[in-house]
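What follows is each chain in one-letter form.
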Amino acid sequence: MIVLTQREVEELLDLDALVDALADAHRELSEGKASMPPRIAAFAEHNGLLGAMPAYLPSAGLACKLVSLFPENRDRHTHQALIAVFDPSNGSPVALMDGTYITATRTAAGSALATRLLAREDASVLAILGAGVQARTHADALCRVRGFAEIRVASRDSARAAALARELGGVAAGSFEEAVRGADVVAATTHATEPIVLREWLAPGAHVNSVGANPAGNGEVDPAVVREAGVVAVEFRESTLAPPPAGASEFREGAPAGVVELGELVAGTKPGRTSQDEITLYKSVGVAVQDAAAAALVLAAARQRSIGREIELEGG
């Protein structure tokens, strides 16, 4: 079995290849070719939880992620994870790798895929809401699918927003509203318990990605955005529309009838944006096929480049 550290995973995971791999993974998921039960979680102290996320994909194999979410963490990431990969033909474990970097990166890559599918081609202003790990990875991933001339960063921590804006070559907004108004693409990456993306702030034709999750809250996105969006896209209806913690808080009271899956947009079986002025929304909860697809890329690269430490689980 190959063991891969976070530094090795960072070195091996190609973000551009990951966006394409997620397109394949989501198409397989929507076509019913994947096996992926809803996420389960055990709740712990300090508002923490430990989730288990297994999946099988023909294109990526068999894997399971264990991920913890401890929102009160200040000295380490709020999300920490590891991923185990198994041989799909006999069930033998073949790899164990850091999943913290993969979680952050595949989440942003999912938003990049949604943005590639739904945002206007001429989108030029990006608003990043939040200033943590997901904010950074989203800025990187989204800039790979659209040519943004301006990046705005807003956070409840103004110092962190200013620091990230400098890092990205963008500008720090004084409020979430200031960042969102006039933006073509919005990336909400917070642990907010109440909406920070209001319908009245959104410009015609804006695309919103929301990846924040707080089971105790009402979600990042104004219910009016969910109701009025021309397209509401999710990873997998069964997961996203389930009660929290598996599903999205934004859909706690129900979801629009026309919710589409990313895989349906990739395959062209459901329409995406139909006008320049309609609002589009992608609500992510994170699904296991994304982790499996990312882990498969990492493992293939590790084998090709002979990176990682091999261990034997059987015997002394």
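Here, the structure is the one placed above.
Residues numbered from 1 in each chain as written. Predicted model: local features only at pLDDT ≥ 70, side-chain atom pairs only at ≥ 80, totals over all residues. Heavy atoms only, no water.

Student: Tell me about empty space enclosed by the protein, residues and numbers included.
Tutor: Under the criterion given, the structure shown has one cavity of 30 Å³ or more. Put simply, the largest cavity is a space of about 80 Å³. What lines the largest cavity is Met36, Pro37, Pro38, Arg39, Ala52, Met53, Ser239, Ala246, Val285, Gly286, Val287 and Ala288. A breakdown of the residues in the lining of the largest cavity according to their chemical character gives nine nonpolar, two polar and one charged. (1 Å grid on protein atoms, 1.4 Å probe; cavity = no way out; pocket = protein on both sides within 12 Å on 5 of 7 lines; lining within 4 Å. Points joined across faces, edges and corners; volume = space filled by probe spheres on them. Nonpolar A, V, L, I, M, F, W, Y, C, P; charged D, E, K, R; others polar.)

Student: Explain the sheet that holds strand β13 (residues 260-261) residue by residue, including any values.
Tutor: If you trace the eight strands from one edge of the open sheet to the other, you get β9-β8-β7-β10-β11-β14-β12-β13, paired in parallel fashion. On the outer flanks of this sheet lie β9 (171-172) and β13, each paired with one strand and no other. Summarising the sheet, strand β10 (residues 185-188) and strand β11 (residues 207-210) pair through four bridges and their orientation is parallel. What sits directly across from Ala187, in β11, is Asn209. (Pairing = 2+ DSSP bridges. Helix = DSSP H or I, 4+ residues; strand = E, 2+ residues; numbered from the N terminus.)

Student: So, the pairing of strand β14 (residues 280-283): which residues are in play, and what are the values?
Tutor: Of the two faces of β14, the one carrying Thr280 and Tyr282 and the one carrying Leu281 and Lys283 are both buried. Taken together, the four bridges between β11 and β14 define a ladder with parallel strand orientation. Within the sheet, the bridge partner assigned to Asn209 lies in β14 and is Tyr282. One ladder, built from four bridges, connects strand β12 (residues 231-234) with β14; its direction is parallel. Residue pairing across strands places Val232 opposite Leu281, the latter belonging to β14. (Buried < 20%, exposed > 50% of the residue type's maximum accessible area, 1.4 Å probe, protein only.)

Student: I'd like to hear about the nonpolar core, residue by residue, with values.
Tutor: Counting residues in each nonpolar core, the largest one holds 101 residues, and the members touching the most others are Leu4, Val85, Met97, Leu129, Val186 and Leu202. Residue contributions to this core peak at ten residues, all from helix α10 (residues 288-305). Leu4 has contacts with Val9, Leu12, Leu96, Met97, Asp98, Val298, Ala302, Ile307 and Gly308, leaving out every residue within four places of it along the chain. (Core = buried A, V, L, I, M, F, W, Y, C linked by side-chain atoms within 4.5 Å. Contact = heavy atoms within 4.5 Å.)

Student: For the packing of helix α3 (residues 100-118) against α10, give the residues involved together with the corresponding values.
Tutor: Direction vectors running N to C along α3 and α10 enclose 115°, while the axes themselves pass 10 Å from each other. As far as their axial angle goes, α10 and α3 are roughly perpendicular. Considering the relative orientation of α3 and α10, their crossing is right-handed. Across from Ile102, Thr103, Arg106 and Gly110 in α3, the residues of α10 making contact are Gln290, Asp291, Ala294, Ala295 and Val298. (Axes fitted to C-alpha atoms, helices over the stretch in contact; angles between N-to-C directions. Parallel < 35°, antiparallel > 145°, perpendicular 65-115°, else oblique. Left-handed = near helix turned anticlockwise from the far one by under 90°.)

Student: Pulling in residues and values, what's your account of the layout of surface pockets?
Tutor: When its volume is computed, the second largest pocket comes out at roughly 210 Å³. Forming the walls of the second largest pocket are 13 residues, and the residues nearest its centre are Pro223, Ser249, Glu250, Arg252 and Glu253. Of the residues assigned to the lining of the second largest pocket, the class counts are six nonpolar, three polar and four charged.

Student: Talk me through the pattern of salt bridges; I want residue IDs and the actual numbers.
Tutor: This model, assessed by the stated rule, comprises 20 salt bridges. Glu31 is paired through a salt bridge with Lys33; the nearest N and O atoms lie 3.2 Å apart. On the basis of relative accessibility, which here comes to 41%, the residue Glu31 falls in the partly exposed class. Residues participating in the shared-partner salt-bridge network are Arg237, Glu261, Glu264 and Lys270. (Salt bridge = Lys/Arg side-chain N within 4 Å of Asp/Glu carboxyl O.)

Shape descriptors only; they carry no functional weight alone.
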